[in-house]
2 protein chains.
Amino acid sequence: MPRSHSALPRLFVDTDLAAGAALTLGKEQSLYLAAVLRKGVGDSVVLFNGRDGAWLCRLTGDSKKSVVLEVDEQIAPQTRPSDLWYGFSPLKTERLDYVIQKAVEMGAGIIQPVTTQFTQVHRLKPEKLAANAMEAAEQCEVLSVPEIAPEIGLDALLSQWPQMHGDRVLVFADEGEASSSPLGALQNLVGRRIGLLIGPEGGFSDSERERLRRLPFVLPISLGPRILRADTAAVAAMAIIQATIGDWR
Amino acid sequence: MPRSHSALPRLFVDTDLAAGAALTLGKEQSLYLAAVLRKGVGDSVVLFNGRDGAWLCRLTGDSKKSVVLEVDEQIAPQTRPSDLWYGFSPLKTERLDYVIQKAVEMGAGIIQPVTTQFTQVHRLKPEKLAANAMEAAEQCEVLSVPEIAPEIGLDALLSQWPQMHGDRVLVFADEGEASSSPLGALQNLVGRRIGLLIGPEGGFSDSERERLRRLPFVLPISLGPRILRADTAAVAAMAIIQATIGDWR
C-alpha cells in the first residue's frame, strides 16, 4: 500500500463518509486531535468507518471537546472485509493487546477468543478487544476492522464448527507435528475458507490435540523445529496462509 | 520439537557439558535457581552452551551464591548454528527486546543492527543484545544462540556486502513493491545463503530504496497489502523464508 498520507492521524468513526459532509467527533477523539496532537483549523486527518474507504478530512473547528471536520476527498477505496478466522487462547493483558494488533496487521477478519485446558486468562472484555482492534486498524492503515467474536470453549467450538462455519477448514499449529513445511498442505486449500487456531503458551493438552487431529475439518500444520510463543506462531502462520492462499497473492 | 523436559528451567552456560561433569553456576544464575525458582538439591535443570546440545543436570548444592550441578544425560543433540542473517533497524528498548526474541524464535543465526536514514535509535549496547538473545534461546529451547554483529550504517553495509557476505542474497521487505506473493521468488533461492533486511518503522527513504533495488545481490519482496510494523514484518518474512527454503522443510 502506498504510504501517501501515512503521516496523518487516522481515526475510525461510526458515521457515513462522503465528500462535503461535516461531522463532529466525540469527546475522546476530539481531545486526542486537539490536545494531544495539537491539530487546529485547516489541519488534515484521515477518517474511515469500515464501509466507505479512507477519506481526507479538514478540521473546521478545533474545540477540545468537539472537533468539527469537513470530509474532503476519498484517498483509498474500501477494502473487502477479510474472511480469515483466527482463534487464539486469551493471554495476559499486555501480550493480548499485542496479539490483537498483530492479527489486524496480518489481515484476520474474525478474531475469536478460544479457551482451552491450559488457558490461564478468562472472561475477556469484548469491548476492550474491539477497541484494541480499532486502534490497530488506525495504526496499520487497515480499512476493515475485524469482528471480535464472543469467547468460547474449545470443546463447544469444535462441536459447533460444521454448523457454525460450514466447510471452513480449521488449520491448527500442532507442536506435536513433525517439522515439515506447511506450504504444500496449505496450497491444496486454495479457494477454501480458512480458520487458524493457535493454542495457549503451554500448547494444547494431549486430549485436545487428539480430538483436533481426529476431526475431518481440521488440518494440523507444523511451524518448524523451534518452539514459538503463541503470538509469534500466530504471525508466522498467518504470513504463510496469506502468502500461499490469502491476500498477499 | 517434543516438549519433554520443557517444564524445567533452561540455562545457557559457557562451560563444556559432558556426562558426569560437575559445575558451579555464577552468582546471577545461582540466585535465579535457588532464590527465584526455589530449586534445591536433587532438582533438575537443563543446561546448554551452544556447542554440546542440551543436558539434564541435577543440583548437588543449592547455595544462593553458587549452585553446584552434576551433568546427567544429554536430552537433545546440538543443532547446527543457523546461517540466516537478519538485519534490522534499531528500535526503542521495549520493542527491541521483542525483535531479538522473535529473531531467535524464528531461527536467525546472525543478528545485525543496521542504521538507516529513518532509524531513531543509535548506539545499542551489544552486550545487552547478546543477553536478550541468550534469554530468548533459553525460553524457546533453541540450542544455538545467534551471533550479534556490531551496529553498521546501511550505506557501509551495502558497499561491503559482496566482500563481507560473498554470494549471500539480501532479501528486503520493500513497502513500495506491488503486493504479490514472495513465495515464487524465494523458492528460486533454494540452496543460497540468505540475508533479510527489515527497515525502521518509517520504512526506508526513497534514496535507500532506489539504491537497494539497483544492487544485483538484493531481492525486494512484498509482504502483502497492509503496512506491517517492523517487528511483525520480521516474523512474517522469516516464516516465509524458513517455510520455502529454510529449516521448516
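Quantities reported herein were computed from a predicted structural model and do not represent experimental measurements.

K.L.:
Any chance you could explain the relation of the copies chain B and chain A here in plain terms?
P.N.:
Once turned by 180° and shifted 0.0 Å along the axis, chain B lies on chain A with an RMSD of 0.0 Å. As the rotation angle and translation indicate, the two copies are arranged about a two-fold axis. Across chain B, the smallest distance between a C-alpha and the rotation axis is recorded for Ala236(B), namely 2.7 Å. In this assembly, 100% of the residues forming the interface of chain B have copies in chain A that are likewise at the interface, indicating an isologous arrangement.

K.L.:
Looking at this structure, I do not really get the nonpolar core. What am I missing?
P.N.:
The nonpolar side chains of a soluble globular protein tend to be buried with one another. Grouped together as the largest cluster of nonpolar side chains are 105 residues, with contacts concentrated most on Tyr86(A) and Tyr86(B). Once residues within four sequence positions are removed from consideration, Tyr86(B) is found in contact with Val99(B), Ala103(B), Ala108(B), Ile110(B), Ile111(B), Gln112(B), Leu196(B), Ile198(B), Ala234(B) and Met238(B).

K.L.:
For this particular structure, what's the right way to read the packing of helix α4 (residues 154-165) of chain B against helix α6 (residues 206-214) of chain B?
P.N.:
Helix packing for two helices is described by the angle between their axes and how far apart those axes are. Residue and element names in this part refer to chain B. Contact pair α4 / α6: the axes reach a minimum separation of 12 Å and the direction vectors enclose 10°. What the angle tells us is that α4 and α6 run roughly parallel. Facing Leu154, Asp155, Leu158 and Ser159 of α4, the residues of α6 in contact are Glu208, Arg211 and Leu212. Looking at the contact of α4 with α6 residue by residue, the class counts come to 3 nonpolar, 1 polar and 3 charged.

K.L.:
What is the right way to read the state of the cysteines from this model?
P.N.:
Chemically, a disulfide is nothing more than a covalent bond linking the sulfur atoms of two cysteines. Residue and element names in this part refer to chain A. Going through the model one piece at a time under the given rule, you end up with 0 disulfides over all chains. Looking at the unpaired Cys57, the closest cysteine sulfur is the one in Cys140, lying at 20 Å. Given a relative accessible area of 2%, Cys140 falls into the buried group.

K.L.:
In this structure, what is going on with the UniProt feature "domain: Ribosomal RNA small subunit methyltransferase E PUA-like" (unreviewed entry) in chain A? I would like to understand it.
P.N.:
Listed under "domain: Ribosomal RNA small subunit methyltransferase E PUA-like" (unreviewed entry) in the UniProt record, and renumbered for this structure, are residues 26-71 of chain A. Taken end to end, residues 26-71 of chain A is 22% helix and 41% strand, and its first and last C-alpha atoms sit 16 Å apart.

K.L.:
Help me understand the pattern of salt bridges in this model?
P.N.:
A side chain with one charge may pair with a side chain of the opposite charge, provided their charged atoms come close. In this structure the tally under the stated criterion is 28 salt bridges over all chains. With a shortest N-O distance of 3.4 Å, Lys128(A) and Asp97(A) are connected by a salt bridge. Linking Lys128(A) in helix α3 (residues 126-140) with Asp97(A) in helix α2 (residues 93-105), this pair joins segments that are 31 residues apart in sequence. Here Arg10(B) ties to Glu141(B) by a salt bridge, and the two come within 3.7 Å at their closest N and O atoms. Taken together, the positions of Arg10(B) in strand β1 (residues 10-12) and Glu141(B) in the loop between α3 (126-140) and β8 (147-148) put the pair 131 residues apart, joining distant regions of the chain. The exposure class of Arg10(B) is buried, given its relative accessible area of 11%. Taken together, the shared-partner salt bridges in this structure form one network comprising Asp83(A), Asp167(A), Arg168(A) and Arg193(A).

K.L.:
Would you mind showing me how to read empty space enclosed by the protein here?
P.N.:
Which parts of space are left empty comes out when a probe the size of a water molecule is rolled across the atoms. For the coordinates displayed, the defined rule picks out 3 cavities of 30 Å³ or more. In this structure, the largest cavity is lined by Tyr98(A), Lys102(A), Asp231(A), Thr232(A), Val235(A), Tyr98(B), Lys102(B), Asp231(B), Thr232(B) and Val235(B). Of all elements in the fold, only α2 and α7 (230-245) of chain A together with α2 (93-105) and α7 (230-245) of chain B reach the threshold of two or more residues within the lining of the largest cavity. The residue inventory of the lining of the largest cavity, partitioned by class, reads 4 nonpolar, 2 polar and 4 charged.

K.L.:
How do you make sense of the confidence of the model for chain A when you look at a structure like this?
P.N.:
Regions with low pLDDT carry predicted coordinates that are not meant to be interpreted in detail. Counting all residues, the mean pLDDT for chain A is 91, and 98% of those residues have values of 70 or more. Scored as a whole, the predicted complex attains pTM 0.89, and scored at its interfaces, ipTM 0.88.

Conventions and cut-offs
Residues numbered from 1 in each chain as written. Chains lettered and ligands numbered in written order. Predicted model: local features only at pLDDT ≥ 70, side-chain atom pairs only at ≥ 80, totals over all residues. Heavy atoms only, no water. Least-squares fit on C-alpha atoms with pLDDT ≥ 70 in both. Contact = heavy atoms within 4.5 Å. Core = buried A, V, L, I, M, F, W, Y, C linked by side-chain atoms within 4.5 Å. Buried < 20%, exposed > 50% of the residue type's maximum accessible area, 1.4 Å probe, protein only. Axes fitted to C-alpha atoms, helices over the stretch in contact; angles between N-to-C directions. Helix = DSSP H or I, 4+ residues; strand = E, 2+ residues; numbered from the N terminus. Parallel < 35°, antiparallel > 145°, perpendicular 65-115°, else oblique. Nonpolar A, V, L, I, M, F, W, Y, C, P; charged D, E, K, R; others polar. Disulfide = S-S within 2.5 Å. UniProt positions renumbered as here; feature names shortened; annotations may be inferred. Salt bridge = Lys/Arg side-chain N within 4 Å of Asp/Glu carboxyl O. 1 Å grid on protein atoms, 1.4 Å probe; cavity = no way out; pocket = protein on both sides within 12 Å on 5 of 7 lines; lining within 4 Å. Points joined across faces, edges and corners; volume = space filled by probe spheres on them. pLDDT = per-residue confidence, 0-100.

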